[in-house]
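The chain contents come next:
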Amino acid sequence: MNSTVIYMLILMVALTFGGFLFNRNLALDLYQDYRFRQFQEQTSRDLSFRSGWHSQASYHGYFTACMVGIALIIVFLLGVSGRGRSPQFDIGWLIAALGTGLAVIALSGRLIGPAFAARIWVERFVHFVLIVLSVIAVLTTLGIIFSLLLESLLFFSEVSIFDFLFGLQWSPQTALRVDQAGQSGAFGAVPIFAGTFLIMAVAIAIAGPVGLMIAIYLSEYASKQTRKIVKPTIEILAGIPTVVYGFFALLTVGPSIRHVAEIMGFSVPTQSALAAGVVIGVMIIPLISSLSDDVINAVPQSIRDGAYALGATKSETMKRVVFAGALPGIISAFLLAISRAIGETMIVVMAAGRASNLTANPFDTATTVTVQIVALVTGDQEFDSPKTLAAFALGLVLFVITLILNMIALSSVRRYRERYD
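Note that this is a predicted model, so its numbers are computed, not measured.

Cut-offs applied
Residues numbered from 1 in each chain as written. Predicted model: local features only at pLDDT ≥ 70, side-chain atom pairs only at ≥ 80, totals over all residues. Heavy atoms only, no water. Phe/Tyr/Trp six-rings, centres within 6.5 Å; stacked < 30°, edge-to-face > 60°. Buried < 20%, exposed > 50% of the residue type's maximum accessible area, 1.4 Å probe, protein only. Helix = DSSP H or I, 4+ residues; strand = E, 2+ residues; numbered from the N terminus. Core = buried A, V, L, I, M, F, W, Y, C linked by side-chain atoms within 4.5 Å. Contact = heavy atoms within 4.5 Å. Salt bridge = Lys/Arg side-chain N within 4 Å of Asp/Glu carboxyl O. Axes fitted to C-alpha atoms, helices over the stretch in contact; angles between N-to-C directions. Parallel < 35°, antiparallel > 145°, perpendicular 65-115°, else oblique. Left-handed = near helix turned anticlockwise from the far one by under 90°. Nonpolar A, V, L, I, M, F, W, Y, C, P; charged D, E, K, R; others polar. Domains from an automatic or database assignment. Patch = residues over 30% accessible without salt bridge, like charges linked within 9 Å, V, L, I, M, F, W, Y side chains within 5 Å. Areas by Shrake-Rupley, 256 points an atom, 1.4 Å probe, with all protein chains shown as cover. 1 Å grid on protein atoms, 1.4 Å probe; cavity = no way out; pocket = protein on both sides within 12 Å on 5 of 7 lines; lining within 4 Å. Points joined across faces, edges and corners; volume = space filled by probe spheres on them. Expected span 1.5 Å × (residues − 1). Bend = angle between axes of the 7 residues up to and from the residue. Polar contact = N/O pair within 3.5 Å; in protein donor to acceptor, adjacent residues only side chain to side chain.

**Overview of the packing of aromatic side chains**
Aromatic ring pairs: the centre-centre distance and the angle between the two ring planes describe each pair. Enumeration over the complete set of coordinates arrives at ten aromatic pairs. For the pair phenylalanine 155 and phenylalanine 156, a centre-to-centre distance of 5.3 Å together with 65 degrees between the ring planes defines the contact as edge-to-face. With relative accessibility at 0%, the residue phenylalanine 155 sits in the buried group. Here the aromatic rings of tryptophan 170 and phenylalanine 187 are separated by 6.0 Å at their centres, their planes lie at 85 degrees, and the arrangement is edge-to-face. Remark: phenylalanine 187 occurs in strand β2 (residues 186-187) and tryptophan 170 occurs in strand β1 (residues 170-171); sequence separation between them is 17 residues. With respect to burial, tryptophan 170 and phenylalanine 187 carry one shared label: buried.

Encoded structure:
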C-alpha cells in the first residue's frame, strides 16, 4: 500500500474522531450556557423562554463525525486514482483532505443549537447505513450464486448434466494439453454425494443422541454447580482445531476400529467413513448440546409448574411439555450440526481418504464434496478445464441440497412452533 494512502487513512480517522470530540464538547459548553440563561429567565418570571434543547451533546458529535467521514471518503475516492503521479499531487491530496475535514467540522459546529435535531439526522444516517449493508449482503449472496451458475454452465456445456448427476464413476483426471494423451475424465458425482451423506449420517448418529441427552441432563437434572463445570468443559471441544481432530482420527480412532474388526474376523482399512464420521460426530456434539440446552432453558418455568400441578412427573414434563416447546430450536441445532458435518474437509482427508467409492459400507474409504472441491481447484490444471469447472458444479449441487434442508427445517419449525405469552 502506498505510504500516502496510509497517511490519508490516518488523517481521516483523526479528523473524524477529533471532529466528534470537538463538537461534542462545544455542544456541552453551549448547553450549559443555555441552561444558565434558562434559569435566569425563569427567575425573572419570563415564561416565554420555554423551548428545550433537542438533542444531547453526543449526538452533535456523532453528526459531525458522520459529515466529516462522508466528506473525506469523497475526497479519498476522487484522489485515489491519481495518487503516486507526483509528490506534489500527494501533498495536495493530503492538504485537500485536511482542509475539507476542518471546514466540515467548522460548519457542523455552527449548526449546534437548541433547535437543531442532530439526533434525528444521526438516526436517519444509521438507518441508511443499515439498509446499505443489508443490500450489500443480499448482493453478495446473489453474486456467489451467479458465479456458481456461470461456471457450472460452462462445465455442463462440456459434460452432460445427466452424466454428472446420475453417473456412478468419478475420475476427473484429464489431459493437461490438447496434444497430450490422457484420460477423458469421468464426472459421475453419485459416489461423491453418497460418501458425503454416509459420513454425515454417521456423525449425526453419534452427535445427535449424545448432544441431546447432554442438553436435557444439564437443563433439567444437573445441579447448578455441575452445570457450571460440565457445560464449559464440553464446549472446549468446539474450540479444538479440526487438524487435531484429524490426527486423533488417524492415530487413535481408525486403528482402534481396525483392531476391533480384526478381533471379530474382518479386514478393515485404517481410513474409513466410520472413523471420519465418529470424529466429526464428537466435534459437533458441543454444537448440538449447547444450542439445545439454551432452547430448553428458554421454555418458561410456568409451563413446567403447570405440568407438575397436574400431577406429571419430571420425566413426563420433559418429554411431553418441555421437549415439545423446545422442538423448533432443537431442529435448528440439528440443522446447523448437519451443515457443519457436510462442510468438514480436514478430518475427512485424514480419516477417510480421497477415494470415491460408491458404497454404503461405513468400513470402506470414502470422500466428500468439499474434499473433492479442494482437490479439483489445486494443481496445475487450467482454470477453464472440465476438471476445475467440476468444482463449481459440485458446489452448486451442494448449495441446492443445503437450501432444501433449510426449507425443510423452516417448515418443521413453523409446524411445531409454540408461542408463549
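**So, the nonpolar core**
If you look at the biggest cluster of nonpolar residues, it comprises 50 residues, and the most contacted ones within it are Phe155, Phe164, Trp170, Ile199, Ile280, Ile284 and Leu394. In terms of residues, this core owes the most to one element, helix α14 (residues 386-416), which gives ten residues. Those residues in contact with phenylalanine 164 that sit more than four places away from it in its chain are Phe155, Phe156, Trp170, Phe187, Gly188, Ala189, Val190, Ala393, Leu394 and Val397. The next biggest cluster of nonpolar side chains, apart from the first, holds 14 residues, and it includes Met8, Met12, Phe76 and Ile105.

**With respect to the pattern of salt bridges**
For the coordinates displayed, the defined rule picks out six salt bridges. Aspartate 293 is the salt-bridge partner of arginine 227, the closest N and O atoms lying 2.9 Å from each other. In this pair, arginine 227 sits in helix α7 (residues 224-235) while aspartate 293 sits in helix α9 (residues 273-297), placing the two residues 66 residues apart along the sequence. Classification of arginine 227 as partly exposed rests on a relative accessible area of 24%. Given a relative accessible area of 0%, aspartate 293 falls into the buried group.

**Describing the packing of helix α2 (residues 57-80) against helix α3 (residues 87-111)**
Between α2 and α3, the shortest axis-to-axis distance is 9 Å and the interhelical angle comes to 160 degrees. Classified by the interaxial angle, the pair formed by α2 and α3 is roughly antiparallel. Between α2 and α3 the crossing geometry is right-handed. Where α2 abuts α3, its residues Phe63, Thr64, Met67, Val68, Ala71, Leu72, Val75, Phe76, Gly79 and Val80 lie against Phe89, Trp93, Ala97, Thr100, Gly101, Val104, Ile105, Ser108 and Leu111. Here the contact of α2 with α3 is composed, by residue class, of 14 nonpolar, five polar and no charged.

**Some points on the domain arrangement of the protein**
With domains assigned, the protein is organised as domain 1 (3-40 + 54-136) and domain 2 (186-418). One C-alpha centre belongs to domain 1, the other to domain 2; they are set 49 Å apart.

**Description of a nonpolar patch on the surface**
A grouping of Val126, Phe128, Val129, Leu130, Val132, Leu133 and Ile136 is seen on the molecular surface, where their side chains present a nonpolar patch of about 590 Å² in accessible area. Of note, isoleucine 136 is situated in helix α4 (residues 118-156). Owing to a relative accessible area of 44%, isoleucine 136 belongs among the partly exposed residues under this scheme.

**Examining empty space enclosed by the protein**
Within this structure, the stated rule accounts for one cavity of 30 Å³ or more. The calculated volume of the largest cavity comes to roughly 40 Å³. Lining the largest cavity we find Ile214, Leu218, Lys231, Ile234, Glu235, Ser289 and Ser290. Elements represented by at least two residues in the lining of the largest cavity include exactly α6 (190-221), α7 and α9. Looking at the lining of the largest cavity, the element that brings in the most residues is α7, giving three residues. Taken together, the residues of the lining of the largest cavity sort by class into three nonpolar, two polar and two charged.

**Details of the packing of α9 against helix α11 (residues 314-343)**
With their axes 8 Å apart at the nearest point, α9 and α11 run at an angle of 145 degrees to one another. Where α9 crosses over α11, the handedness of that crossing is right-handed. When α9 is examined against α11, the residues Ile280, Met283, Ile284, Leu287, Ile288, Leu291, Ser292, Val295 and Ile296 are found in contact with a partner set consisting of Met318, Val322, Ala326, Gly329, Ile330, Ala333, Phe334, Leu336, Ala337, Arg340 and Ala341. For the contact of α9 with α11, the class distribution of residues is 17 nonpolar, two polar and one charged.

**With respect to α11**
Across its 30 residues, α11 extends only 38 Å between first and last C-alpha, which sits more than 12% below the 44 Å expected from 1.5 Å per residue. Leucine 327 marks the point of greatest bend in α11, at about 55 degrees, and the proline proline 328 comes within the next four residues.

**Section: the side chain of threonine 367**
Position of threonine 367 among the secondary structure elements: in the loop between α12 (346-352) and α13 (369-377). A distance of 3.3 Å separates a polar atom in the side chain of threonine 367 from a polar atom in the side chain of glutamine 372. Here threonine 367 is in contact with Ile192, Gly195, Thr196, Val348, Gly353, Arg354, Ala355, Ser356 and Gln372, once residues within four sequence places are set aside.

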